[in-house]
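What the coordinates show
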Amino acid sequence: MGNSKSGALSKEILEELQLNTKFTEEELCNWYQSFLKECPSGRISKQEFESIYSKFFPDADPKAYAQHVFRSFDTNSDGTLDFKEYVIALHMTSAGKTNHKLEWAFSLYDVDGNGSINKSEVLEIVMAIFKMISPEDVKHLPEDENTPEKRAEKIWKFFGKKDDEKLTEEEFIEGTLANKEILRMIQFEPQKVKEK
């Protein structure tokens, strides 16, 4: 990764991040300095990530969702996020192409990492999302999706899967692209559909 002692981002990582994201060299170097101030070890633990995440959602319980987000970003499964994983995750979730965002969403829902999604995994993520929705906002959800169980059932039915079947990444992406309702339901923001 970068040379932590001097605070410089390695040339290799810098070039790779510029190639794979829309971020400039200046942005990446500034972010790296900020990253090192927050995480002097050059890594973010799951607990630190949960703490950072909770600051964005002070009136909710984002812990379960943050754990799933962390898992999906920790591409080498070492229990920490380094600067490269962190920037690529930021890019994919904020500025990436729709297909890349859906690939990330699939990895979020693929809780056990086996390359497919089952109905219980959908319910697990939807339950984590519901912990972040205010009770007032839940009141405004449609009747057929105002509980985690109802929403998970509605998502699963859309894909036409039986309770014991699995959903592939290709089916997930194609189905979600074909139906804005599903795109809305798999996201944290229940009332918004983001095009890109």
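Residues numbered from 1 in each chain as written. Predicted model: local features only at pLDDT ≥ 70, side-chain atom pairs only at ≥ 80, totals over all residues. Heavy atoms only, no water.

Turning to the side chain of lysine 161, a few remarks are in order. Secondary-structure assignment places lysine 161 in the loop between helix 9 (148-158) and strand 4 (166-168). Owing to a relative accessible area of 19%, lysine 161 belongs among the buried residues under this scheme. In this structure the side chain of lysine 161 is engaged in a polar contact, spanning 3.3 Å, whose partner is the backbone oxygen of lysine 166. (Helix = DSSP H or I, 4+ residues; strand = E, 2+ residues; numbered from the N terminus. Buried < 20%, exposed > 50% of the residue type's maximum accessible area, 1.4 Å probe, protein only. Polar contact = N/O pair within 3.5 Å; in protein donor to acceptor, adjacent residues only side chain to side chain.)

Right, let's talk about the nonpolar core for a bit. Phe49, Tyr65, Tyr109 and Phe172 are the most contacted members of the largest nonpolar core, which totals 52 residues. If near-sequence neighbours (up to four positions away) are discounted, tyrosine 109 is found in contact with Ile117, Glu121, Val122, Ile125, Val126, Ile129, Phe172, Met185 and Ile186. (Core = buried A, V, L, I, M, F, W, Y, C linked by side-chain atoms within 4.5 Å. Contact = heavy atoms within 4.5 Å.)

With that out of the way, let us pick up helix 6 (residues 98-109). Relative to the 16 Å expected for 12 residues at 1.5 Å per residue, helix 6 spans 16 Å between its end C-alpha atoms, a close match to the ideal helical length. Here helix 6 has its buried residues at Lys101, Leu102, Trp104, Ala105, Phe106, Leu108 and Tyr109. (Expected span 1.5 Å × (residues − 1).)

Moving on: the confidence of the model for the protein chain. In this model, the protein chain carries a mean pLDDT of 86, and residues with pLDDT of at least 70 account for 91%. pLDDT under 50 marks residues 190-196. Its contacts with residues more than four places away, or in other chains, come to 19 contacts. (pLDDT = per-residue confidence, 0-100.)

Next up on the list: the packing of aromatic side chains. For the coordinates displayed, the defined rule picks out 11 aromatic pairs. Ring centres of phenylalanine 35 and phenylalanine 83 lie 5.4 Å apart, and the angle between their planes is 65°; on these two criteria the pair is classed as edge-to-face. One end of the pair, phenylalanine 35, is in helix 2 (residues 25-38); the other, phenylalanine 83, is in helix 5 (residues 83-94), and 48 residues separate them in sequence. Look at phenylalanine 35 and you get buried, because its relative accessible area is 5%. Here the aromatic rings of phenylalanine 35 and tyrosine 86 are separated by 5.4 Å at their centres, their planes lie at 45°, and the arrangement is tilted. Of the two residues, phenylalanine 35 is situated in helix 2 and tyrosine 86 in helix 5; the sequence distance between them amounts to 51 residues. Through a chain of ring-to-ring contacts, the aromatic side chains of Phe106, Tyr109, Phe158, Phe159 and Phe172 assemble into a single cluster. (Phe/Tyr/Trp six-rings, centres within 6.5 Å; stacked < 30°, edge-to-face > 60°.)

Another aspect to go through is unusual backbone geometry. Unlike most non-glycine residues, serine 77 shows phi in positive territory, near 55°. Along the chain, serine 77 turns up in the loop between helix 4 (63-73) and strand 2 (80-82).

Another aspect to go through is the packing of helix 1 (residues 11-20) against helix 2. Viewed as axis vectors pointing N to C, helix 1 and helix 2 meet at an angle of 125°, and their least axial separation amounts to 10 Å. By the angle class used here, helix 1 and helix 2 are oblique. Crossing geometry of helix 1 relative to helix 2 is assigned as right-handed. Mapping the contact onto sequence places Leu14, Leu17 and Gln18 in helix 1 and Glu25, Leu28 and Cys29 in helix 2. Grouping the constituent residues of the contact of helix 1 with helix 2 by class yields 4 nonpolar, 1 polar and 1 charged. (Axes fitted to C-alpha atoms, helices over the stretch in contact; angles between N-to-C directions. Parallel < 35°, antiparallel > 145°, perpendicular 65-115°, else oblique. Left-handed = near helix turned anticlockwise from the far one by under 90°. Nonpolar A, V, L, I, M, F, W, Y, C, P; charged D, E, K, R; others polar.)

Another point: the environment of tryptophan 31. Examined against the element boundaries, tryptophan 31 turns out to sit in helix 2. Since its relative accessible area comes to 33%, tryptophan 31 is described here as partly exposed. As a C-alpha pair, tryptophan 31 and valine 87 span 56 residues in sequence and 8.8 Å in three-dimensional space. Once residues lying within four places of it in the same chain are set aside, the contact partners of tryptophan 31 are Phe23, Phe83 and Leu90.

A grouping of Glu12, Glu15, Glu25, Glu26 and Glu27 is seen on the molecular surface, where their side chains present a negatively charged patch. Secondary-structure elements contributing two or more residues to the negative patch are helix 1 and helix 2. With 3 residues, the top contributor of residues to the negative patch is helix 2. Examined against the element boundaries, glutamate 15 turns out to sit in helix 1. (Patch = residues over 30% accessible without salt bridge, like charges linked within 9 Å, V, L, I, M, F, W, Y side chains within 5 Å. Areas by Shrake-Rupley, 256 points an atom, 1.4 Å probe, with all protein chains shown as cover. Salt bridge = Lys/Arg side-chain N within 4 Å of Asp/Glu carboxyl O. Lys, Arg positive; Asp, Glu negative; His and termini not counted. Charge placed at Lys NZ, Arg CZ, Asp CG, Glu CD.)

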